[in-house]
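Topology and contacts: notes
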2 protein chains.
Amino acid sequence: MAELSRATGVPVATIKYYLREGLLPRGEVTTSPNQAQYGEEHVRRLTLVRSLVEVGGLSIAAVRAVLGAIDDPAVPLHDTLGLTIDAADAPAPAVDDPLHAAAAERIDAIVAERGWRLSPDPPARRAAIDALATMHRVTGDRLAGLAPVYAEAAERIAEADLDTVTAVEAPETRVETALVGTVLGERLLAALRRLAQEHVSAQRFPPPPT
Amino acid sequence: MAELSRATGVPVATIKYYLREGLLPRGEVTTSPNQAQYGEEHVRRLTLVRSLVEVGGLSIAAVRAVLGAIDDPAVPLHDTLGLTIDAADAPAPAVDDPLHAAAAERIDAIVAERGWRLSPDPPARRAAIDALATMHRVTGDRLAGLAPVYAEAAERIAEADLDTVTAVEAPETRVETALVGTVLGERLLAALRRLAQEHVSAQRFPPPPT
DNA sequence: AGGAAGTGGACAGCGTCACTATCGGATAAC
DNA sequence: GTTATCCGATAGTGACGCTGTCCACTTCCT
């Protein structure tokens with residue numbers, strides 16, 4: 001275990017915690033109940049967990065849910081790709097006010113226009129509606145034009161995501177790739193958006209030359 | 001205060017907490033030190049705070065930082081737009097390993113190729129590097145092709161963002177619009193990406209007809 | 001053979017965060 | 001004049017993500 005800690009930079013106490021929480025499989029018991037063997041697979045899994053938690057911002061519970069899904073061979077790739085955001089988001093208390101109804105209509109209109117074929121009421125739809133309704137609550141409909149632009153960008157991105165994932169040969173690493181791509185890709189995208197905003201902003205409001 | 005609570009649906013105790021934390025300006029003291037007057041402005045501010053915290057997922061400290069910036073007339077719009085992610089992210093401990101160096105090169109290459117002109121070492125650059133380096137650590141360079149695609153999408157999105165913000169006339173609501181657009185837009189984009197992923201995935205791996 | 005050092009596991013404790021419950025004195029409403 | 005409400009301060013709560021301590025056992029070194 002100390003070796004595992006050294007290899008990954010994760011404190012031993014934290015490794016124990018992850019073992020307790022079921023985020024990391026137990027090592028092979030060798031000769032005695034206080035000596036376990038950890039291998040390459042453990043290093044990879046632990047790295048994955050740390051990445052999801054630290055960079056991806058997932059909670060321990062969300063990570064457990066996601067890992068449970070990717071370890072279950074009965075869950076197909078298609079579902080696994082989605083599980084991430086689904087697991088990370090709260091169960092969505094299903095609010096019911098006029099703003100949400102209007103936002104739902106808008107989202108559904110976008111989905112219909114783009115021809116997206118989806119399962120009935122996926123969690124991400126709920127999340128999109130929440131975000132849109134909240135935008136409306138705060139700013140009126142000043143941000144109304146954004147959603148279609150985002151949807152087009154999202155489709156382009158999703159195609160790149162799927163291209164990348166299907167290009168992975170090994171079925172085991174494929175699921176992992178999908179997971180990391182979804183979770184960390186969100187962070188990367190957000191950061192790039194911010195950089196692009198800064199660029200466009202500087203372009204339109206040129207700073208006074210020093 | 002009870003009225004403010006009724007108007008926004010936020011518990012009185014929480015309003016008191018926000019007052020304490022400086023997220024909400026005190027009401028006008030009227031006749032006595034135990035009677036305060038809250039107005040329309042308080043309702044809007046409180047709604048904004050709740051939106052950022054609940055839907056946007058910002059911490060109280062991040063909200064305080066952002067609000068402090070938008071209330072300060074010395075901070076120009078250009079900076080305000082960016083403050084959000086900057087304030088929400090941790091101060092970034094500036095790691096220094098080969099993976100980060102390689103990721104930094106890639107990000108800088110993308111920035112250069114797209115012709116983005118940025119301030120030196122903005123926080124979002126750090127965040128992008130972190131995400132990319134972590135992707136690499138976990139999956140090797142299987143996800144290498146994604147970043148340029150994301151960057152192009154990010155630019156398109158940022159242009160829509162800026163279009164929307166500059167279209168807002170009133171300078172006061174403009175900053176608020178920028179803020180909400182940045183924070184909630186990120187959520188909306190993530191949710192739409194997930195929906196698009198589901199669609200593209202279903203398209204490429206058609207589910208067995210029932 | 002003997003002692004120091006290391007190992008894995010159980011369990012309790014800690015620090016942070018976002019609230020929430022209680023109290024007390026003062027005022028407003030009737 | 002009594003009752004109800006209000007505001008502010010302070011302490012407390014529950015969830016989360018670890019972290020510290022202890023213990024029986026084993027391994028290594030001499």
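Here the structure is shown first, and the text comes after it.
Residues numbered from 1 in each chain as written. Chains lettered and ligands numbered in written order. Predicted model: local features only at pLDDT ≥ 70, side-chain atom pairs only at ≥ 80, totals over all residues. Heavy atoms only, no water.

1. Concerning the overall build of chain A
So the rule is basically this: By the criteria applied, helices consist of DSSP H or I runs no shorter than four residues and strands consist of E runs no shorter than two, each listed in order from the N terminus. Classification of residues uses two cut-offs on accessible area relative to the type maximum, computed with a 1.4 Å probe and protein chains only: under 20% is buried, over 50% is exposed, and between them is partly exposed. Residue contacts are counted whenever heavy atoms from the two residues lie within 4.5 Å of one another.
A count of helical and extended segments in chain A gives nine helices and two strands. Counting helices and strands in the order they occur from the N terminus, chain A gives α-α-β-β-α-α-α-α-α-α-α. Here chain A holds 210 residues, and the buried ones make up 46% of them. Here the contacts in chain A between residues at least 6 apart in sequence split such that 61% fall between residues at least 24 apart.

2. Let's talk about the side chain of Arg193(B)
Note the cut-off: Under this definition, polar contacts are N or O atom pairs within 3.5 Å; protein pairs additionally need one hydrogen-donor-capable and one acceptor-capable atom, and for neighbouring residues in sequence, both atoms have to be side-chain atoms.
Within the fold, Arg193(B) resides in helix H9 (residues 171-204). In terms of polar contacts, Arg193(B) uses its side chain to reach the side chain of Tyr150(B), at 3.0 Å. The residues contacting Arg193(B), other than those within four sequence positions of it, are Ala154(A), Ile157(A), Ala158(A), Asp161(A), Gly181(A), Thr182(A), Gly185(A), Glu186(A), Leu189(A) and Tyr150(B).

3. Quick look at the relation of the copies chain B and chain A
To be explicit about the condition: Fitting of the copies onto one another was done by least squares over C-alpha atoms, counting residues only where both copies have pLDDT of at least 70.
Turning chain B through 180 degrees and shifting it by 0.0 Å along the axis lays it on chain A, with an RMSD of 0.1 Å. In short, the pair behaves as if placed about a two-fold rotation axis. For chain B, the smallest separation between a C-alpha atom and the rotation axis is recorded for Ala153(B), amounting to 2.7 Å. Mapped onto chain A, 99% of the interface residues of chain B are again interface residues, and the two copies thus contact each other with one and the same surface.

4. Describing the packing of aromatic side chains
All names here are of chain A. Note the threshold: Any two rings among Phe, Tyr and Trp, with Trp reduced to its six-membered ring, count as a pair given centres within 6.5 Å; such a pair is stacked if its planes are under 30 degrees apart, edge-to-face if over 60, and tilted if neither.
According to the stated counting rule, one finds two aromatic pairs over all chains in the structure shown. Their ring planes at 45 degrees and their centres at 5.8 Å tell us that Tyr-17 and Tyr-18 sit as a pair that is tilted. Here Tyr-18 falls in the buried class, since its relative accessible area comes to 3%.

5. Remarks on unusual backbone geometry
We note that Asp121(A) has phi near 50 degrees; this positive angle belongs to a residue other than glycine. Within the fold, Asp121(A) resides in the loop between helix H6 (98-114) and helix H7 (123-139).

6. Section: the nonpolar core
Using the following cut-off: Throughout this description, the term nonpolar core refers to a set of buried Ala, Val, Leu, Ile, Met, Phe, Trp, Tyr and Cys residues connected via side-chain atoms within 4.5 Å. Domain delimitation in this document rests on an assignment produced automatically or drawn from a domain database.
With 114 residues, the main nonpolar core has Leu188(A), Leu192(A), Leu48(B), Leu188(B) and Leu192(B) as its most contacted residues. In terms of domain composition, this core takes at least three residues from each of domain 1 (1-55) and domain 2 (89-144) of chain A. The contacts of Leu48(B), once residues within four sequence positions are left out, are Val138(A), Leu67(B), Ile70(B), Glu176(B), Leu179(B) and Val180(B).

7. Details of the environment of Ala153(B)
Within the secondary structure, Ala153(B) is located in helix H8 (residues 146-166). Each residue touching Ala153(B), except ones within four places of it in the same chain, is listed here: Ala153(A) and Ile157(A).

8. Considering the interface of chain B and chain A
Worth spelling out the cut-off: A simple way to read buried area is as the amount of 1.4 Å-probe accessible surface that goes missing from two parts once joined, with both sides added. By definition here, a salt bridge exists when the distance from a side-chain nitrogen of Lys or Arg to a carboxyl oxygen of Asp or Glu is within 4 Å.
The partner chain A presents 77 residues to the 78 residues of chain B that form the contact. Regarding the contact of chain B and chain A, the summed buried area is about 7600 Å², with carbon and sulfur atoms giving 74% of it. Counting across the interface, chain B meets chain A through four salt bridges. Here Asp163(A) ties to Arg204(B) by a salt bridge, and the two come within 2.6 Å at their closest N and O atoms. Taken together, the links from chain B to chain A amount to 18 residue pairs in polar contact (both at pLDDT 80 or more). Going through the elements one at a time, helix H3 (40-55), helix H5 (77-88), helix H6 (98-114), helix H7 (123-139), H8 and H9 of chain B are the ones with two or more residues in the side of chain B that touches chain A. A per-element tally of the side of chain B that touches chain A places H9(B) first, with 26 residues.

9. As for the pattern of salt bridges
As enumerated under the stated definition, the model contains 25 salt bridges over all chains in all. Of the charged contacts, one joins Arg50(A) and Glu54(A) as a salt bridge, the two residues approaching to 2.7 Å between their closest N and O atoms. Of this pair, Arg50(A) and Glu54(A) both sit in helix H3 (residues 40-55), four residues apart, which is roughly one turn of the helix. Residue Asp121(B) pairs with Arg125(B) through a salt bridge whose shortest N-O separation is 2.9 Å. Residue Asp121(B) is classed as partly exposed on the basis of its relative accessible area, which comes to 37%. Look at the salt bridges and you will find they share partners, linking Asp108(A), Asp121(A), Arg125(A) and Arg126(A) into a network.

10. As for helix H4 (residues 60-71) of chain A
All names here are of chain A. Heads up, the condition is: The span expected for a helix works out to 1.5 Å for each residue beyond the first. Along the arc lie the directions from the helix axis toward the C-beta atoms.
With twelve residues, H4 ought to run about 16 Å at 1.5 Å a step, and its terminal C-alpha atoms sit 16 Å apart, in line with that. Three or more residues of H4 are buried, namely Ala-62, Val-63, Val-66, Leu-67, Ala-69 and Ile-70. Each buried residue of H4 lies within a common arc of 160 degrees when the element is viewed along its axis, so the set occupies one face.

11. Thoughts on the environment of Leu48(B)
Looking at the element boundaries, Leu48(B) is found in helix H3. Taking the C-alpha atoms as reference points, Leu48(B) and Leu179(B), separated by 131 residues in sequence, lie 9.6 Å from one another.

12. Overview of the packing of H3(A) against helix H9 (residues 171-204) of chain A
Residues and elements named next belong to chain A. Which entries qualify depends on this criterion: Simply put, an axis is a line fit to the C-alpha atoms, just over the touching stretch for a helix, and the angle between two N-to-C directions goes from 0 to 180 degrees. Roughly parallel refers to an angle under 35 degrees, roughly antiparallel to one over 145, roughly perpendicular to one between 65 and 115, and oblique to any angle outside these ranges. Each crossing gets its hand from how the near helix is turned against the far one by less than a right angle, where anticlockwise is left-handed and clockwise is right-handed. Only Asp, Glu, Lys and Arg are considered charged in this grouping, and only Ala, Val, Leu, Ile, Met, Phe, Trp, Tyr, Cys and Pro are considered nonpolar; every other residue, Gly among them, is considered polar.
At a closest axis distance of 10 Å, the pairing of H3 and H9 adopts a crossing angle of 20 degrees. Of the possible angle classes, the one that applies to H3 and H9 is roughly parallel. Read as a crossing pair, H3 and H9 show a hand that is left-handed. Contact with H3, carried on its side by Arg-44, Leu-48, Ser-51, Leu-52 and Val-55, involves Glu-172, Thr-173, Glu-176, Leu-179, Val-180, Val-183, Leu-184 and Arg-187 of H9 and no other residues of that element. For the contact of H3 with H9, a count of residues per class yields seven nonpolar, two polar and four charged.

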